[in-house]
Amino acid sequence: MTKKPLIYIFGHKNPDTDSICSAIAYAELKKLLGHQAKPIRLGKINKETEFVLNYFGLPVPDYLPTIRTQISDLDIDQVEHLSPQLSLRTAWDKIKSTNIKVAAVVDENKKLQGIVTLSDITSRFMDILSNTEALKVTPLKNILKTLSAQLLVGSEEQFKPSGRALIAAMTPDGMAPFIEPGDIVLVGNRKDSQLKSIEAGANCLIITCAGHVNADVLGEAESNDCVILRTSYDTYTVALLLNQSIPVEIVMAKDKLAVFHINDYIDEIKDEMLQSRHRAYPVVDNNNEIQGFITRYHLISKKDKQVILIDHNEASQSIDGLEQAQILEIIDHHRIGGIITGSPIYFKNEAVGSTATIIAGLYLDFKIKPAASIAGILCAAIISDTMHFKSPTSTGKDRYMADKMAQIAQLDLDKFSREMLDNSSSIKSMSPEEILNYDFKEFFLNKHKVGIGQITSSNTEELNAVRESLLHYLHKLLEKQDYHVLMMIVSDPRREGSEILFAEKEKGLVNKAFNTDSAENSMFLEGVISRKKQIVPFLNTVLQ
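Here the structure is a predicted model, which is why all the values come from computation and not from measurement. (Residues numbered from 1 in each chain as written. Predicted model: local features only at pLDDT ≥ 70, side-chain atom pairs only at ≥ 80, totals over all residues. Heavy atoms only, no water.)

Caption draft 1: Broad picture of empty space enclosed by the protein. All told, the structure shown has two cavities of 30 Å³ or more when counted by the stated rule. In this model, the largest cavity occupies a volume close to 40 Å³. The wall of the largest cavity is formed by Ser457, Ser458, Asn459, Thr460, Leu463, Val490, Asp492, Arg495 and Glu499. Of all the elements in the fold, those that place two or more residues in the lining of the largest cavity are α17 (460-480) and β20 (485-492). Grouping the amino acids of the lining of the largest cavity by side-chain chemistry returns two nonpolar, four polar and three charged. Counted as a void, the second largest cavity has a volume near 30 Å³. Lining the second largest cavity are Glu48, Leu421, Ser424, Tyr438 and Thr456. A per-class count over the lining of the second largest cavity returns two nonpolar, two polar and one charged. (1 Å grid on protein atoms, 1.4 Å probe; cavity = no way out; pocket = protein on both sides within 12 Å on 5 of 7 lines; lining within 4 Å. Points joined across faces, edges and corners; volume = space filled by probe spheres on them. Helix = DSSP H or I, 4+ residues; strand = E, 2+ residues; numbered from the N terminus. Nonpolar A, V, L, I, M, F, W, Y, C, P; charged D, E, K, R; others polar.)

Caption draft 2: Broad picture of the packing of helix α1 (residues 17-32) against helix α13 (residues 372-385). Where α1 meets α13, the axes come as close as 9 Å, and the angle between the chain directions of the two elements is 150°. Of the possible angle classes, the one that applies to α1 and α13 is roughly antiparallel. Viewed along their axes, α1 and α13 form a crossing whose handedness is left-handed. Together, Thr17, Asp18, Cys21, Ile24, Ala25 and Glu28 of α1 and Ile374, Ile377, Leu378, Ala380, Ala381, Ser384 and Asp385 of α13 make up the contact between the two elements. For the contact of α1 with α13, the per-class residue count stands at eight nonpolar, two polar and three charged. (Axes fitted to C-alpha atoms, helices over the stretch in contact; angles between N-to-C directions. Parallel < 35°, antiparallel > 145°, perpendicular 65-115°, else oblique. Left-handed = near helix turned anticlockwise from the far one by under 90°. Contact = heavy atoms within 4.5 Å.)

Caption draft 3: Representation of the nonpolar core in the model. Counting 47 residues, the largest nonpolar core has Ile9, Tyr26, Ile359, Ile377 and Leu378 as its most contacted members. Of all elements in the fold, only β1 (6-10), α1, α2 (47-55), β15 (306-310), α12 (355-365), α13, α14 (396-409) and α15 (413-422) reach the threshold of two or more residues within this core. Take this core: its biggest share by element is nine residues, from α13. Setting aside chain neighbours within four positions, we find Ile377 in contact with Cys21, Ile24, Ala25, Val52, Leu53, Phe56 and Leu58. Counting residues in each nonpolar core, the second largest holds 30 residues, with Leu82, Leu135, Ile206 and Val248 among its members. (Core = buried A, V, L, I, M, F, W, Y, C linked by side-chain atoms within 4.5 Å. Buried < 20%, exposed > 50% of the residue type's maximum accessible area, 1.4 Å probe, protein only.)

Caption draft 4: Spotlight on the side chain of His333. Within the fold, His333 resides in the loop between β16 (326-332) and β17 (346-349). Judged by relative accessible area, His333 falls into the buried class, the value being 5%. A polar contact is formed between the side chain of His333 and the side chain of Asp311, at a distance of 3.2 Å. Among the polar contacts made by the side chain of His333, one reaches the main-chain amide nitrogen of Ser354 at a distance of 3.4 Å. The residues contacting His333, other than those within four sequence positions of it, are Asp18, Asp311, Asn349, Glu350, Val352, Gly353, Ser354, Thr355, Ile358, Asp385 and Lys532. (Polar contact = N/O pair within 3.5 Å; in protein donor to acceptor, adjacent residues only side chain to side chain.)

Caption draft 5: Quick look at the sheet that holds strand β5 (residues 102-106). Strand order in the open sheet formed by three strands is β4-β5-β6, and the pairing between neighbours is mixed. Lying at the two open borders of the sheet, with one neighbouring strand each, are β4 (81-82) and β6 (112-117). Direction of pairing for β5 relative to β6: antiparallel, over a ladder of five bridges. Looking at β6, one finds that Val106 is bridged to Leu112. (Pairing = 2+ DSSP bridges.)

Caption draft 6: Quick peek at the pattern of salt bridges. Taken as a whole and judged by the stated rule, the model has 20 salt bridges. In this structure, Glu329 engages Lys30 in a salt bridge whose closest nitrogen and oxygen atoms are separated by 2.6 Å. Remark: Lys30 occurs in helix α1 and Glu329 occurs in strand β16; sequence separation between them is 299 residues. Relative accessible area serves as the criterion here: at 9%, Lys30 is assigned to the buried category. Its salt-bridge partner being Lys397, residue Glu350 comes within 2.8 Å of it at the nearest N-O pair. (Salt bridge = Lys/Arg side-chain N within 4 Å of Asp/Glu carboxyl O.)

Have a look at this one:
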């Protein structure tokens, strides 16, 4: 059975309580419907959201800065892991059975040491003269295995060849000029040739054609620390196979390797892969442990991450790399923005006060009763986004769904609302940047870049204490990031209105929008607590 892909579910940047709680609740609903779903956040949660999640015992969703495709999202090739001491013969057999004809050479901790391809091995066979140094470091066990040989005398410790190997094809008397101390000598069943080789200082005799070795020859070998092994292969075959005993670390590529990390982004490695001629590229993790190999095929066969957008539908408010993702659904209660999808999707947009109201309705539609904790956070999100039903965006459906969820969570709505406000309304310890980004959204109104932050606070003394520094920060950020209007809404449910602090590129624009005459870039608007219905439309009108 094919495993269902993971669906990432998230709200907007600078998330508020509705954005976070709706994502968590919808991810839970998706799981109950048989999907693999994961709620994530696009920024730091605010005090109110922290209080809500702690109150209902739910973890904060993981932070994900981008949805761009990474190597970890691909089904990269898993290849053979070779020990550095493995013989070329064994390495050849392992590599030729793979699709990409490459293997990773790793140490005992699976850390990447190098890579080897079939062409690396075949090139070695053509470069016979360079094999002298290679035979010096070839383990005796490699030779025994490659030649299917039997060890008659000696041990791995006594095997210390000079690296030269020769065939005793001449008469015994004529061998002296050719054999040097430490040589490997291929010899048949001639006793005199065997003894002459030992006398000349050979480190190893390889008896071919399963030749006989007398006891006195074995004794002489023991006395001279000469290793003797015997194989049934003929001399010509042994000469060919000997070079196949060389350890793979001799031929592996280890310098200036193009190595990628498992979390590298595809758009960052694509050019390097397309401009080089390598067949495959090793992929490692943080510990330099090999995870597999990536090829050009993976670039054209990659599958984008699947996502569901909650509480927003504008690219400027969404995750980085959204254009590389497959959008499956959008569930929102805001105006429809400019996101373009490659195929039809499920888009649920309702004129209600909270996305959590829509999510709660979906639970009822599917006749699924949410867990008490999920019902609790949905209720909290509705209260938060509707300012306890005082916002002009609030509807009868918001109240109905909040009551339904409160019953399941066994909550007293009024008592919980006051407790939530008391635990999240203090701004005295927050920097101007933290206040603005508490719940910040960016809009493009008739091609003008507008940024609007919002926070709830009923403490006018705290607001007066930070007013000057907050206005200074707004003006500074307006110029730095080229906003046309930058605004901070401090909503006060008890006064049933909002303090508006702003910076503007076009003087008088905000006063015109709200028919005011503020000269201090700050004003209180009675009855105004909704960014969506009471701020954005008026700014949009004057910016036309």
